[in-house]
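Geometric and topological summary
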Amino acid sequence: MDPNQSIYPWFSSNSGGGGLTSGNGQNFSIHYTDNFFSGDPSSYNNHGYGRNTYKWLFISSHEVVHIKQNIDWAISLGYYSPPMLVKNAYLGHAAGQYAIAGSHDGARNEILADIGSETFKDFDKFIDKFASNQALIKLLESQHADAFKVAQVDRWWKKYRVKVTKGRGGAIFLGNNPK
Ligand SMILES: [Zn+2]
């Protein structure tokens, strides 16, 4: 296969790539296009994101919303098992939305999933002001133990939640689809 060609035709690695989340309501996997694993930033037409923590978190905060959608969808059907049946049905459902919307990004689930990425972006900007510039990425890329990083991010997230719920702007994904 051409290494510059994504296996998902609508996500060319050379134009930034993308991710695809699939699941059966219980187990999930997220696939990223090859450019997310390239340590050379100039590769894939300057889309080598292997060392780009921000890019990884931005796309991942989109993809994890699809996990919640997958669970909700499996529950809404009333048949939480057998897993393979749910998986196949979910993927067909996603394809149907793609066809209706006319583009992958236009599908309703994609718009809702983008709220995940927007929330990450807003949270990162909040930490820039609340702590210091690039504090989130610097923390995650530091040599601190994971437990230390998680505890710090939790503290920042609590502060951010307070700010958002006070209505001073910022989209937020709290686990339920906004109506
Ligand atoms: Zn998506």
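Above this text you will find the structure in question.
Residues numbered from 1 in each chain as written. Predicted model: local features only at pLDDT ≥ 70, side-chain atom pairs only at ≥ 80, totals over all residues.

**Notes on the nonpolar core**
F120, F123, F126, I127, L136 and Y160 form the largest nonpolar core, which has 6 residues in total. Looking at which element gives the most residues to this core, the answer is helix α4 (residues 108-130), with 4 residues. (Core = buried A, V, L, I, M, F, W, Y, C linked by C-beta atoms within 7 Å. Buried ≥ 20, exposed ≤ 12 C-beta atoms within 10 Å, placed from the backbone. Helix = DSSP H or I, 4+ residues; strand = E, 2+ residues; numbered from the N terminus.)

**Here's the deal with the pairing of strand β1 (residues 19-23)**
As judged from the 5 bridges shared by β1 and strand β2 (residues 28-32), these two strands associate in the antiparallel manner. By the bridge assignment, G23 is partnered in β2 with F28. Here β1 folds back onto β2, and the loop between the two strands holds 4 residues, one of which, G25, carries a positive phi near 90 degrees. (Pairing = 2+ DSSP bridges.)

**As for the packing of α4 against helix α6 (residues 146-165)**
Packing of α4 against α6 leaves a shortest axis separation of 10 Å and a crossing angle of 100 degrees. For the element pair α4 / α6, the angle class is roughly perpendicular. Between α4 and α6, the contacting residues are F123, F126, I127 and F130 on the first element and W156, K159, Y160 and K163 on the second. Its residues placed into classes, the contact of α4 with α6 shows 6 nonpolar, no polar and 2 charged. (Axes fitted to C-alpha atoms, helices over the stretch in contact; angles between N-to-C directions. Parallel < 35°, antiparallel > 145°, perpendicular 65-115°, else oblique. Contact = placed C-beta atoms within 7 Å. Nonpolar A, V, L, I, M, F, W, Y, C, P; charged D, E, K, R; others polar.)

**Things to note about the environment of F37**
Counting through the fold element by element, F37 comes out in the loop between β2 and α1 (43-46). Residue classification places F37 among the exposed residues on the basis of 12 C-beta atoms within 10 Å. Sequence spacing of F37 and G50 is 13 residues, and the spatial spacing of their C-alpha atoms is 4.4 Å.

**A word on α6**
Look at α6: 28 Å from first C-alpha to last across 20 residues, which is about the 28 Å you get at 1.5 Å a residue. Along α6, only 1 of the 20 residues are buried, which leaves the element largely exposed. (Expected span 1.5 Å × (residues − 1).)

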